[in-house]
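Architecture and fold: a report
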Amino acid sequence: MSIDLAKEVLSIESAGILAVRDNLGEEFEQAVELIMACPSRLVVTGIGKSGLVGQKISATLNSTGTSSVFLHPVEALHGDLGMVASTDVVLAISYSGETAELNGLLGSLKERNVPIIAMCGHAQSNLAQHAVITLNIAVPREACPLGLAPTTSTTATLALGDALALALLNRKQFRAEDFRRNHPGGSLGERLKIAVRKVMLTGEDVPIIGSASTLVDAVSELNQKNLGAVFICNDKKKLLGIITDGDIRRILSAGKNIREMALQEAMKPNPVAISSALMAADALSIMQRHEITVLAVVNEGGYMEGILHLHDLLGKGEFRFLI
């Protein structure tokens, strides 16, 4: 009967959480201390089911007083790695510890001297070997009768993420008033009704260059504003195109000379944009659908009014989403 299977699944997953609990040791305290000492934020990364769990862990951290942002490993390899600073701490999640996309980041993180906390179930894995601290998420078995779909392991990982967030909440003496300040709408639905115009970056914070600029100018603006993209506009600020960090990396990887390449040849025309009259929830939906981190904000005529950056929406600034 289905109810019998459901009870068995819940029993297996409960046993998995208890196994992770019983395996907790000094490494958990070390992880808390490392995050407490971090002067910037905790960058959470993972892919597949681990990535989805990581997004929830990052959201819980943000709402309970620990600044966090989620980094998609594939996007990181195409430019988003630029968001990671040497002052950050990375929480990398992979049950096997051998996920190719995630392991592809490890060398770059090491070069930046970014400490890695691993959540994985195999102490001898590549991820664990690169980590300064490893939190053991090994479970006796998955609840999936085929033993294939991540079930018990993801449940236990999510529970350990909650434990980490609440341990940090306790250390920071995060109060009910602080929690309410991060949830002014009282519910997720209300929280997402903030207008784009209230949270977008404007003025000198926006990376913009003119259509007569060079590709070298674009790189300079990318470096100066450090938002992962630069927008190309005409002299009346009508949006024409976009160039991202990833675009520059791909150009250089192809052996092309940015000093000889025309700006129009490098830029992507007609970038995705949003009206400032729409809601922040709409902006997040567009970013997720197009898998982008920077979104132009334009008026009805297509003229730039500002930009939205995913990092600000998810934790770098005062505005935070709870996903």
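Computed from a predicted structure; not experimentally measured. (Residues numbered from 1 in each chain as written. Predicted model: local features only at pLDDT ≥ 70, side-chain atom pairs only at ≥ 80, totals over all residues. Heavy atoms only, no water.)

Consecutive side chains along a regular strand alternate between the two faces of the sheet. Both faces of strand β1 (residues 42-45) are covered, namely the face carrying Leu-42 and Val-44 and the face carrying Val-43 and Thr-45. Between the parallel pair β1 and strand β2 (residues 68-71), the chain is carried across by helix α3 (residues 49-63), and the sense of this crossover is right-handed. In terms of strand pairing, β1 meets strand β3 (residues 89-93) through 4 bridges, oriented parallel. Paired with Val-43 across the two strands is Val-90, which belongs to β3. (Buried < 20%, exposed > 50% of the residue type's maximum accessible area, 1.4 Å probe, protein only. Helix = DSSP H or I, 4+ residues; strand = E, 2+ residues; numbered from the N terminus. Right-handed = clockwise from strand over helix to strand, strands pointing away. Pairing = 2+ DSSP bridges.)

Turning to the sheet that holds β3, a few remarks are in order. Read from one edge of the open sheet, 5 strands run β2-β1-β3-β4-β5, paired in parallel fashion. Lying at the two open borders of the sheet, with one neighbouring strand each, are β2 and β5 (133-136). Going from strand to strand, the sheet's axes swing by 20° on average, the running direction of each strand aside. In this structure, β3 lies alongside strand β4 (residues 116-120), joined through 4 bridges in parallel fashion. Bridge pairing in β4 links Ala-92 to Ala-118. (Axes fitted to C-alpha atoms, helices over the stretch in contact; angles between N-to-C directions.)

Turning to the confidence of the model for the protein, a few remarks are in order. Fine structural detail should not be taken from predicted coordinates in areas where pLDDT scores are low. Mean pLDDT over the protein stands at 86; residues scoring 70 or higher make up 90%. The model gives residues 187-191 a pLDDT under 50, and that stretch makes 7 contacts with residues more than four places away or in other chains. Across residues 315-323, where pLDDT falls below 50, the model places 37 contacts with residues more than four positions away in sequence or in other chains. (pLDDT = per-residue confidence, 0-100. Contact = heavy atoms within 4.5 Å.)

Counted according to the given criterion, the structure contains 7 salt bridges. In this structure, Asp-88 engages Arg-41 in a salt bridge whose closest nitrogen and oxygen atoms are separated by 3.9 Å. Here Arg-41 lies in the loop between α2 (26-37) and β1 and Asp-88 lies in the loop between α4 (73-76) and β3, a separation of 47 residues in the sequence. Arg-41 sits in the buried class, given a relative accessible area of 10%. Three or more residues are tied together by salt bridges with common partners; here these are Asp-247, Arg-250 and Lys-268. (Salt bridge = Lys/Arg side-chain N within 4 Å of Asp/Glu carboxyl O.)

One way to put it is that helix α11 (residues 215-225) packs onto helix α12 (residues 245-253) with a least axis distance of 11 Å and a crossing angle of 130°. One finds that α11 runs oblique with respect to α12. Handedness of the crossing formed by α11 with α12: left-handed. Here α11 contributes Leu-215, Val-219 and Leu-222 to the contact with α12, which in turn contributes Asp-245, Ile-248 and Ile-251. Residue composition of the contact of α11 with α12, by class: 5 nonpolar, no polar and 1 charged. (Parallel < 35°, antiparallel > 145°, perpendicular 65-115°, else oblique. Left-handed = near helix turned anticlockwise from the far one by under 90°. Nonpolar A, V, L, I, M, F, W, Y, C, P; charged D, E, K, R; others polar.)

At their nearest, the axes of α2 and helix α7 (residues 152-171) sit 10 Å apart, and the two run at 55° to each other. Here α2 lies oblique to α7, going by the angle between them. Judged by the twist between their axes, the crossing of α2 over α7 is right-handed. On α7, the residues touching Phe-28, Val-32, Glu-33, Ile-35 and Met-36 of α2 are Leu-160, Ala-163, Leu-164, Ala-167, Leu-168 and Arg-171.

When glycine is set aside, most residues are seen to have a negative phi, and most peptide bonds are trans. Phi angles above zero are rare outside glycine, and Asn-270 is one such case at about 50°. Relative to the helices and strands, Asn-270 is located in the loop between β9 (268-269) and β10 (273-275). Assessed through its relative accessible area of 68%, Asn-270 is described here as exposed. Located in the positive-phi region is Glu-291, a residue other than glycine, with phi close to 55°. The class for Glu-291 is exposed, based on a relative accessible area of 57%.

For α11, every residue scored as buried is listed here: Leu-215, Ala-218, Val-219, Glu-221, Leu-222 and Lys-225. The buried side chains of α11 occupy one side of the element, clustering within an arc of 160° when seen end-on. Along α11, the residues that are exposed and aim more than 90 degrees away from the buried face are Asn-223 and Gln-224. Buried residues along α11 sit against β6 (208-210), β7 (229-233), β8 (239-244), α12 and α13 (263-266). One or two residues past the end of α11 sits Asn-226, with phi positive at roughly 55°. (Arc of directions from axis to C-beta.)

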